[in-house]
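Residues per chain are reported as follows:
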Amino acid sequence: MIWDWANHDASDKPIFWLCDIAGSGKSTVAMSALETWQREGTLGGRFFFSIASNEASTTDKFCSTIARNLAHYIPQLAPHIAESIKRNPSFMQSSLGEQFQTLITTPILRRQQRVILVIDAADECKSGTQRKQLLDALCVAVQECKNLRVFMTSRPDPVIQSTLGAISIKAKVENRLHDVNHTDNVDDIAAYIHRSLDEILSPDKRQRLVEKAQGLFIWASTACRMLNSEATWDTPENVYDRLISVDKAGDIDDVYGLIFERIDPKAQESMCKMLALLLAAFEPLTVDEVQDILTHVKVRGSVKILAKNLGSVLSVDERTQLIQFRHPTLVEYLRRCSMTPATSKFSIKLAEAHGQAASWCLNRLTSRTDGLKFNICQIESSFFLNKQIPNLADRISKFIPRQLQYASSHWCFHVAESESSWRCILKKELEKVTETSYALYWMEQLHVTQK
C-alpha cells in the first residue's frame with residue numbers, strides 16, 4: 001500500500017499517515033521504507049521525534065535538519081538551498097512556516113522528480129502548538145510542490161487528524177497493524193519469539209509467551225531481552241514464570257514493573273535515582289556523566305552495572321556511551337510513576353532529580369579546572385559576531401568539555417523544574433562562589449528562574 005502511494009504521481013493524497021498504537025512497529029516500517037527510498041534516490045529527508053530527547057521533542061531544528069538532509073540525499077538541491085538562504089538570511093527568526101518555505105519548499109520546487117520526507121512519531125513533539133504549525137506547513141508544502149510526498153507515523157492524535165483531513169491516506173483501525181490479534185501480527189511475533197528463545201525455552205513455553213504478548217511487539221521484544229540478558233542473576237525459568245503471571249496479557253506496564261522488581265533490593269534506591277536523572281535530562285547523558293552526578297549528590301552505586309542489568313529497557317551506545325530509553329512507553333511509564341509516587345511501586349522523584357542535576361551543573365560551571373573561563377574558545381577578538389568565526393563549532397567541541405556544554409545549556413531549566421528545597425540548597429552553593437562576577441551572574445539567574 002505504501003509503495004503504491006509513493007509511486008503514484010497523480011495521487012491526490014500526498015501525505016501517508018501510518019497511525020497506530022504504541023509498540024506496534026511503526027518506526028520499523030518507517031525505517032524499512034526510508035532505506036528503500038534512499039536506495040531509489042527519492043528520499044529527501046528524515047526527522048524522528050522522540051520525547052526522550054530535548055532536541056527531538058520540538059520542531060526547533062526540524063527545518064534545518066531536513067535542509068541538511070536534502071543537500072546530502074539530493075546534492076543537486078544544495079545550490080538552491082544556499083541561494084534561498086542568501087535571499088532570506090534572517091529566516092531563523094521567522095515562523096516555522098516561513099522557515100519551511102525558505103529551506104525546503106523553495107528548493108524542492110526546482111526539482112522535477114519525486115521527493116519523499118519521512119517523519120516518525122509526530123505525536124512525540126511535546127508542544128501541541130508546534131505540532132499544529134508543522135502540520136500546517138506540511139499541508140501548504142505538498143499542495144505547492146506537486147512532486148513532494150510526506151510519509152508520517154504517529155499514535156492516534158486529534159491534532160493530526162483534524163489538520164491533515166482529505167489530503168492524507170490514513171491506515172484504518174481495522175487494517176493489519178491496528179488489529180493486534182490479526183493473524184499477521186500473531187505470526188510475526190511467534191516467529192520472533194521462537195527464533196530469539198530457541199535455545200532458552202521449550203516450544204510450549206515459547207508458544208505461551210506468544211499468546212501472552214497479545215500481538216504487541218514491544219511486549220514480546222522486552223520479554224525476549226529479559227530472558228536473553230547476560231546480566232541477570234535469575235534463571236530463565238523464573239523469569240518466564242514471572243512473565244506468565246503478570247496480570248494482563250500484552251500490558252507493557254506490568255513487564256516494566258517486573259523488570260524493576262527484579263533488581264537487587266540494595267540497588268533499588270540507586271536505580272530509581274538513576275532513572276529519575278535520565279528522565280529529567282534535557283538530552284541523553286553518558287554513563288560517566290550519570291555516574292558523576294550520582295557521586296556529586298552522594299548516591300552510591302555503579303551506573304555501568306545498573307545500566308547493564310536494565311539492558312532490556314535501556315541501551316548504551318558502544319561508541320558514545322550515551323544511555324537511551326529503548327521505547328517511549330518506558331518514558332511514559334516512569335512519568336506516571338513520578339506523578340503518583342504514593343501509589344507507585346517505585347519512587348521516581350523527578351523534581352529532586354532536577355535539583356540534583358542543577359547542583360551538578362553549577363559544580364561544572366564553577367569548577368576551577370574545567371569550568372567557565374574568560375575567552376574559553378580562544379577567539380582572537382571579541383568584536384567578531386558568531387557567524388564571522390569560521391570554525392566556531394570546532395572550537396566549541398575542542399575547548400568546551402561536553403559536561404560544561406550541557407551545564408551551560410540546561411542549568412537554569414533544571415533549577416526551574418526542581419523543588420523549593422533544592423533551590424534553597426542551590427542558593428547556598430552559589431553564595432560559596434568566591435569570584436564576584438560569577439556569583440552575581442548566577443544569583444541573578446537563580447532569581448529569574450524562581451520567578
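Residues numbered from 1 in each chain as written. Predicted model: local features only at pLDDT ≥ 70, side-chain atom pairs only at ≥ 80, totals over all residues. Heavy atoms only, no water.

As recorded in an unreviewed UniProt entry, the protein goes by the name Related to S. pombe trp-asp repeat containing protein, listed as coming from Serendipita indica.

K.L.:
How should I be thinking about the overall build of the protein in this particular structure?
P.N.:
Secondary structure summary: the protein contains 21 helices and seven strands in total. Over its C-alpha trace the protein gives a radius of gyration of 25 Å, about what one expects of a compact globule, namely 22 Å for 451 residues. Each of the 451 residues in the protein was classed as buried or not, and the buried ones make up 50%. In the protein, 71% of the contacts between residues at least 6 apart in sequence involve partners at least 24 apart. Surface accessibility of the protein: about 22900 Å² in total, with carbon and sulfur atoms responsible for 51%. Separation between the mean location of the 53 positive side-chain charges and that of the 53 negative ones in the protein comes to 5 Å. (Helix = DSSP H or I, 4+ residues; strand = E, 2+ residues; numbered from the N terminus. Rg over C-alpha atoms; globule rule 2.2 N^0.38 Å. Buried < 20%, exposed > 50% of the residue type's maximum accessible area, 1.4 Å probe, protein only. Contact = heavy atoms within 4.5 Å. Areas by Shrake-Rupley, 256 points an atom, 1.4 Å probe, with all protein chains shown as cover. Lys, Arg positive; Asp, Glu negative; His and termini not counted. Charge placed at Lys NZ, Arg CZ, Asp CG, Glu CD.)

K.L.:
Hey, could you run me through the nonpolar core in this one?
P.N.:
As a rule of thumb, nonpolar side chains are buried together in soluble globular proteins. Ranked by size, the top nonpolar core spans 82 residues in total, and within it Leu209, Trp219, Leu243, Phe260, Leu310 and Leu314 carry the most contacts. Top element by residues in this core is helix 13 (residues 268-280). It accounts for nine residues. In contact with leucine 314, not counting residues within four places along its chain, are Met274, Leu275, Leu278, Ile323, Gln324, Phe325, Arg326 and Leu330. Within the second largest apolar cluster, 38 residues are counted, among which are Leu103, Leu117, Ile160 and Leu164. (Core = buried A, V, L, I, M, F, W, Y, C linked by side-chain atoms within 4.5 Å.)

K.L.:
I tried to follow the packing of helix 14 (residues 287-296) against helix 17 (residues 350-365) on my own but got confused; where do I start?
P.N.:
A pair of packed helices can be characterised by two numbers: the angle between their axes and the separation between those axes. Across the interface, helix 14 lies against helix 17 with an axial gap of 9 Å and an inter-helix angle of 100°. By the criterion of interaxial angle, the relationship of helix 14 to helix 17 is roughly perpendicular. Side by side, helix 14 and helix 17 meet where Glu289, Asp292, Ile293 and His296 of the first sit next to Gln356, Ser359, Trp360, Asn363 and Arg364 of the second. Each residue belonging to the contact of helix 14 with helix 17 can be placed in one class, and the counts come to two nonpolar, four polar and three charged. (Axes fitted to C-alpha atoms, helices over the stretch in contact; angles between N-to-C directions. Parallel < 35°, antiparallel > 145°, perpendicular 65-115°, else oblique. Nonpolar A, V, L, I, M, F, W, Y, C, P; charged D, E, K, R; others polar.)

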